[in-house]
Amino acid sequence: MGYPKDLLSSRSIIKRGNFALIPPEGLVKNTVPGFEQCDITILASPRLGAKFVDYVVTMHEGGKNARGFGEAGVETFVYCMEGRVKASADEQSFSLQEGGYLYCPPGVKLYLENEQAEDTRLFLYKQKYTPLEGGALPWVVSGNVHELEAVDYDDMANVKLKDLLPTDLAFDMNFHILSFEPGGCHPFVETHYQEHGAIMLSGEGVYNLDNEWIPIKKGDYLYMGPYVPQATYAVGREPFAYLYSKDCNRDATL
């Protein structure tokens with residue numbers, strides 16, 4: 001990268017346990033065993049205050065994880081942002097292109113292999129699964145967001161929501177895509193028990209995080225902790241959309 005061309009600065013905002021904005025500029029590559037020919041960065045993690053771990057992965061030609069990602073008691077998820085990846089789990093294989101995803105239940109390892117000579121970019125997630133007493137376990141789920149129905153968010157036609165995983169109680173979390181037309185916004189400032197990890201897929205917005213209004217755009221990553229006030233306005237000339245996780249279907253523990 002060479003010598004800096006200006007004063008060192010960053011748009012990053014880190015408030016552990018509360019919220020964080022992590023832009024793509026300044027991301028540092030991590031070495032994660034099992035990933036070959038890959039650039040990988042750990043985003044949210046317990047060190048930040050999250051109970052999950054999020055990553056961005058660039059798989060170069062020949063990039064793969066042949067040893068498997070995940071472990072006993074841990075659920076995983078991968079979303080293809082660009083390119084094409086072969087994702088395998090529980091003796092099932094899926095060719096994921098842009099918008100494609102795969103969820104693996106606890107104990108089922110996720111295997112990844114770049115299917116093209118060009119780079120493939122992925123969003124990757126893992127979390128300890130919270131069992132439901134007497135309930136069924138979740139199952140492998142794959143799909144593509146371009147094939148999912150978009151519904152109006154809180155009766156607003158200019159804000160659309162897609163659920164990527166089943167709403168079955170066996171699942172203790174879900175992934176969603178929320179998309180705002182320019183000028184669209186949340187109906188109110190939310191304050192809730194759940195936490196989010198979110199990667200911006202398109203457009204630009206101004207996000208209220210703990211009553212600080214912060215510009216945000218495609219490629220940025222947000223961590224939003226429990227109870228942090230949050231809402232957004234979409235700005236710019238194209239829809240502002242992001243993929244985010246949300247814990248669900250479980251009571252608070254003592």
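Please read these numbers as outputs of a predicted model, since none were measured by experiment. (Residues numbered from 1 in each chain as written. Predicted model: local features only at pLDDT ≥ 70, side-chain atom pairs only at ≥ 80, totals over all residues. Heavy atoms only, no water.)

Asks: Go over the overall build of the chain with me, naming the residues and quoting the values.
Replies: Looking only at helices and strands, the chain features 0 helices and 20 strands. For the chain, the C-alpha atoms occupy an extent of roughly 55 × 45 × 35 Å along the three principal directions. For the chain, with 254 residues in total, the buried portion stands at 48%. Of the contacts formed within the chain by residues at least 6 apart in sequence, a portion of 68% connects residues at least 24 apart. Accessible surface for the chain amounts to roughly 13,000 Å². Of this, 50% is attributable to carbon and sulfur atoms. One way to put it: in the chain the 22 positive side-chain charges average out to a point 7 Å from where the 35 negative ones average out. (Helix = DSSP H or I, 4+ residues; strand = E, 2+ residues; numbered from the N terminus. Buried < 20%, exposed > 50% of the residue type's maximum accessible area, 1.4 Å probe, protein only. Contact = heavy atoms within 4.5 Å. Areas by Shrake-Rupley, 256 points an atom, 1.4 Å probe, with all protein chains shown as cover. Lys, Arg positive; Asp, Glu negative; His and termini not counted. Charge placed at Lys NZ, Arg CZ, Asp CG, Glu CD.)

Asks: Can you explain the sheet that holds strand 19 (residues 230-235)? Please cite residues and give values.
Replies: On the basis of which strands lie adjacent, the open sheet formed by 3 strands has the order 17-16-19 and antiparallel pairing. Since the sheet does not close on itself, it has two edges, and those belong to strand 17 (212-217) and strand 19, each with one partner. Pairs of neighbouring strands in the sheet enclose a mean axial angle of 25°, with direction left out of account. (Pairing = 2+ DSSP bridges. Axes fitted to C-alpha atoms, helices over the stretch in contact; angles between N-to-C directions.)

Asks: Quick rundown of the packing of aromatic side chains? Include the residues and the values.
Replies: By the definition in use, this model includes 18 aromatic pairs. Ring geometry for Tyr125 and Phe175: centres 5.1 Å apart, planes at 85°, overall edge-to-face. With a gap of 50 residues between them, Tyr125 in strand 10 (residues 120-128) and Phe175 in strand 14 (residues 173-180) connect regions that are remote in the sequence. Considered together, Tyr125 and Phe175 belong to a single accessibility category, that of buried residues. A network of ring pairs unites the aromatic residues Phe52, Phe77, Tyr101, Phe123, Tyr125, Phe175, Tyr221 and Tyr223 as a single cluster. (Phe/Tyr/Trp six-rings, centres within 6.5 Å; stacked < 30°, edge-to-face > 60°.)

Asks: Could you give me a rundown of the nonpolar core, with the residues and numbers involved?
Replies: Counting 28 residues, the largest nonpolar core has Tyr79, Phe123, Leu164 and Tyr221 as the members making the most contacts within it. When contributions to this core are tallied by element, the ones reaching two or more residues are strand 2 (19-22), strand 4 (52-69), strand 5 (74-82), strand 8 (100-104), strand 10, strand 14 and strand 18 (221-224). In this structure, Phe123 is in contact with Leu43, Asp54, Tyr55, Val56, Phe77, Val78, Tyr79, Met81, Phe175, Ile199, Tyr221 and Leu243, ignoring residues within four places of it in sequence. Residues Cys38, Val57, Met59 and Leu102 belong to the second largest nonpolar core, which totals 23 residues. (Core = buried A, V, L, I, M, F, W, Y, C linked by side-chain atoms within 4.5 Å.)

Asks: Which residues make up the sheet that holds strand 1 (residues 13-15), and what are the values?
Replies: Taking strand neighbours across the sheet as the criterion, the 8 strands line up as 1-2-18-15-20-14-13-12 in an open arrangement whose pairing is antiparallel. Every other strand in the sheet has two partners, leaving strand 1 and strand 12 (151-153) as the edge strands with one partner each. Across the sheet, the mean angle separating the axes of adjacent strands is 25° when strand polarity is ignored. Relative to strand 18, strand 15 (residues 196-202) is paired through 4 bridges, and the arrangement is antiparallel. Following the sheet pairing, His196 is matched in strand 18 by Met224.

Asks: So what's going on with unusual backbone geometry? Which residues, and what values?
Replies: A positive phi angle, near 50°, is found at Asp154, a position not held by glycine. Within the element layout of this structure, Asp154 appears in the loop between strand 12 and strand 13 (156-163).

Asks: So what's going on with the UniProt feature "domain: Cupin type-2" (unreviewed entry) in the chain? Residues and values would help.
Replies: The sites that carry the UniProt feature "domain: Cupin type-2" (unreviewed entry) are, in the present numbering, residues 178-243. Counting secondary structure, residues 178-243 comes out at 0% helix and 55% strand; the distance between its end C-alpha atoms is 7 Å. (UniProt positions renumbered as here; feature names shortened; annotations may be inferred.)

Asks: Mind laying out a nonpolar patch on the surface, listing which residues take part and the relevant values?
Replies: Together, Trp213, Tyr233 and Val235 make up an exposed nonpolar region whose accessible area comes to about 290 Å². Here Val235 lies in strand 19. You can call Val235 partly exposed: its relative accessible area is 32%. (Patch = residues over 30% accessible without salt bridge, like charges linked within 9 Å, V, L, I, M, F, W, Y side chains within 5 Å. Salt bridge = Lys/Arg side-chain N within 4 Å of Asp/Glu carboxyl O.)

Asks: Give me the lowdown on the side chain of Gln116, citing residues and values where you can.
Replies: Among the secondary structure elements, Gln116 is positioned in the loop between strand 9 (110-114) and strand 10. Gln116 sits in the buried class, given a relative accessible area of 18%. Of note is the side chain of Gln116, whose polar atom sits 2.9 Å from the backbone oxygen of Asp119. Contacts of Gln116, omitting those with residues within four sequence positions, involve Glu61, Gly83 and Arg84. (Polar contact = N/O pair within 3.5 Å; in protein donor to acceptor, adjacent residues only side chain to side chain.)

Asks: Describe the environment of Pro239, and please don't skip the residues or the numbers.
Replies: Looking at where Pro239 falls in the secondary structure, it is placed in the loop between strand 19 and strand 20 (240-247). Separated by 195 residues in the primary sequence, Pro239 and Ala44 have C-alpha atoms spaced 25 Å apart. Look past the residues within four positions of Pro239 in its chain and what remains in contact with it is Ser179, Phe180, Glu181, Pro182, Ser202 and Gly203.

Asks: Give a description of the UniProt feature "domain: (S)-ureidoglycine aminohydrolase cupin" (unreviewed entry) in the chain that names residues and reports values.
Replies: The UniProt feature table records "domain: (S)-ureidoglycine aminohydrolase cupin" (unreviewed entry) at residues 63-126. Within residues 63-126, the helical portion is 0% and the strand portion 70%, while the C-alpha atoms at the span's ends are 20 Å from each other.

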